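# Observations on chain architecture
Listed here are the chains, written in short residue letters.
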Amino acid sequence: MGSPGRRTLSFLLVLVPMYLHGASLQEAGPAGQRKPFFERLRRLEEQFRRFQEVTLTHLQGIASNYNVSQDMDARFQSLAEESQAVALTVSRSQATIQGDLAHLKTWVRKTQRQSRKVDMRLQALNLALSEKNRQWVQAGKEQKAQRDALQDALVHLTHQVHSQGARLAVLEGQLQMANLGTAAPGLTPAPTPAQPVQPGPLMLLRDRQVLTPSPKHRSPPQDFTAHLQGTQKLPAPSSHWEPGGPATVPRDPPQVPEEVCSLGPVFTFPDASPENVVFLNPSFLTALRALSFCSWVRISSGRLGTLLSYATEENDNKLVLHGRGSLAPGSLHFVIGDPAFRELPLQLLLDGWWHHICVIWTSVQGKYWLYVDRRLVATGSRFREGYEIPPGGSLVLGQEQDSVGGGFDSSEAFVGSMSGLAIWDRALVPGEVANLATGKELPTGAILTLANASWVGGLVQRANCTCLEHCP
């Protein structure tokens, strides 16, 4: 590759002496021709310098190209070596991959065999589980049937206990009246034609025995409210006998037991203002499938008004005990989940004296009972059977809520006094009701009392009385 450069250099070395020799020959000429000659010589020198520069540049390019060609050869050789190394690596990788594929195929075949075995075991387990589920369902049905039978037996037993409690109360009353009749004979003289017929205590108690039919002729449980109303109603003290009308008995004030003490605060609602209200907080914390509401009450007006009202966002009449102004005096609506209700007879409470009432309900067959002064006044069944009173609502005393915590109406307000109020999430038995009515003890498990009164509004007065007979 260096031969063209050498040839050019040799040519220049020959040309330069020849040119210099010609120039020296021309110097010997006439003086007049020297000046153009020197100018030509100067131009030739300049051309020669440019030629030298071009030649030098060309030689440098040739040298650089020669170096580049040497670098290219080295690079090509390096690339060849790298390609050989890559080919060797690829061949080794292919061998490794083929070995891994062989192991993978072997593992897949083993896994397939194991999966077939697992599938067979799963099928066997599914069959066994299906059989177990069938047995469990059968056992669950049997347990449910047994539980239903036990619930029915429990309801029937509870009904019998309440019935026996009512019979016991009637027998106690008969015994007391018989003792009074023996101690003071002649309290009920024989009527004369000019005197109204006034039945004595024994006549009234004999009429009350209609409530407890003999076991031989006892019918299945049913709603006895209307029947009990007919046997328990007593005329108001101001009523008078008229020819052909019913006989009346002047009513004496009920004898409150002397030991009814430690009942806690007494709340007095002086008038029918819609601002007179008592809030109980917290209300029901859990859902209720049974309920017992008991309290001492004294009515100061000619109607009952609202004793209790429980409202939720879903229904503002989830639980209500109220006597509307449109109802007959002494009638109370027992509402659970409006519009379902039962009308209860409470004419005995309109005499202005203290009375003890208990309203009991259970969702099992929808049974309910009403006790006044520990005597069974009304009972029934199929009222909100299987129902559940939800928690988290607003519970107030003395007013009926048309919205949660409000919407009060003076026509539904309670006027009177309350004391010893308590609520249970179970159905009390007659013995517990009797203990409450006689001031003996408070049954365990009460979820709410008047101690839960969080806010008292309007003119409601709160007083603490040692015993009930000392309350104003």
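- The protein has the name Pentraxin 4 in an unreviewed UniProt entry, where Sciurus vulgaris is given as its organism.
- Per UniProt, the protein has the following entry under Cofactor (unreviewed entry): "Ca(2+)".

## A short note on the overall build of the protein
- Along the protein, the regular secondary structure elements total five helices and 15 strands.
- Here the protein, with 472 residues, has 31% of them falling under the buried criterion.
- Accessible area of the protein: about 28700 Å², with a carbon and sulfur share of 58%.

## Section: the state of the cysteines
- Tallying each qualifying case throughout the model produces two disulfides.
- In this model C261 forms its disulfide with C467; the gap between the sulfur atoms is 1.8 Å. Residues C261 and C467 are joined through a disulfide that is right-handed, its torsion about the S-S bond being 95°. On the criterion of sequence distance, the pair formed by C261 in the loop between α4 (225-232) and β1 (265-269) and C467 in the segment after β15 (461-464) is long-range, its members being 206 residues apart.
- Looking at C261, the relative accessible area reads 22%, which means it is partly exposed.
- Looking at the protein, its bonded cysteines, counted consecutively from the start of the sequence, adopt the pairing 1-4, 2-3.

## Digging into the side chain of T312
- Following the sequence through the fold, T312 ends up in the loop between β4 (305-311) and β5 (319-323).
- Assessed through its relative accessible area of 11%, T312 is described here as buried.
- Aside from chain neighbours lying at most four places away, what touches T312 is K318, P390, G393 and V404.

## Things to note about the side chain of S419
- Topologically, S419 is positioned in strand β12 (residues 416-424).
- Of the residues examined, S419 reaches a relative accessible area of 1% and is grouped as buried.
- For S419, the contacting residues outside a window of four places in its chain are L263, G264, P265, V266, S295, W296, W354, L450 and L468.

## Concerning the nonpolar core
- In this structure, F284, F334, L349, W361 and I423 are the most contacted members of the largest nonpolar core, which totals 44 residues.
- Take this core: its biggest share by element is four residues, from strand β3 (residues 290-299).
- Once you skip the residues sitting within four places of it in the chain, F284 turns out to touch Y310, L319, I389, P391, G392, L395, I423, I447 and L448.
- Ranked by size, the runner-up nonpolar core spans twelve residues in total, among them C294, Y371, L376 and L436.

## Things to note about the sheet that holds strand β11 (residues 394-397)
- Pairing within the open sheet is antiparallel, and its seven strands lie in the order β7-β6-β5-β4-β11-β2-β14. In the strand order of this sheet, the two ends are held by β7 (341-345) and β14 (453-457), each with one partner. Taken pair by pair, the neighbouring strands of this sheet meet at an average axis angle of 20°, ignoring direction.

## Details of the pattern of salt bridges
- Applying the stated criterion to the full structure yields five salt bridges.
- E46 serves as the salt-bridge partner of R42, at 3.1 Å between the closest nitrogen and oxygen. Taken together, the residues R42 and E46, both in helix α2 (residues 34-183) and four residues apart, mark about one turn of the helix.
- E131 is the salt-bridge partner of R134, the closest N and O atoms lying 2.4 Å from each other. Here the residue R134 and the residue E131 both occupy positions in helix α2, the gap between them amounting to three residues, near one helical turn.

## Looking at the packing of aromatic side chains
- One pass over the structure, following the stated rule, counts six aromatic pairs.
- Ring geometry for F37 against F38: centres 6.0 Å apart, planes inclined by 65°, an arrangement best described as edge-to-face.
- Under the relative-accessibility criterion, F38 is labelled partly exposed at 41%.
- Their ring planes at 50° and their centres at 4.6 Å tell us that F284 and Y310 sit as a pair that is tilted. Placement of the pair is F284 in the loop between β2 (277-280) and β3 and Y310 in strand β4, with a sequence separation of 26 residues.
- Judged by relative accessible area, which is 2%, F284 ranks as buried.
- An aromatic cluster is defined as three or more aromatic residues linked by ring pairs; in this entry it consists of F334, Y368 and F383.

Conventions and cut-offs
- Residues numbered from 1 in each chain as written.
- Predicted model: local features only at pLDDT ≥ 70, side-chain atom pairs only at ≥ 80, totals over all residues.
- Heavy atoms only, no water.
- UniProt positions renumbered as here; feature names shortened; annotations may be inferred.
- Helix = DSSP H or I, 4+ residues; strand = E, 2+ residues; numbered from the N terminus.
- Buried < 20%, exposed > 50% of the residue type's maximum accessible area, 1.4 Å probe, protein only.
- Areas by Shrake-Rupley, 256 points an atom, 1.4 Å probe, with all protein chains shown as cover.
- Disulfide = S-S within 2.5 Å.
- Contact = heavy atoms within 4.5 Å.
- Core = buried A, V, L, I, M, F, W, Y, C linked by side-chain atoms within 4.5 Å.
- Pairing = 2+ DSSP bridges.
- Axes fitted to C-alpha atoms, helices over the stretch in contact; angles between N-to-C directions.
- Salt bridge = Lys/Arg side-chain N within 4 Å of Asp/Glu carboxyl O.
- Phe/Tyr/Trp six-rings, centres within 6.5 Å; stacked < 30°, edge-to-face > 60°.

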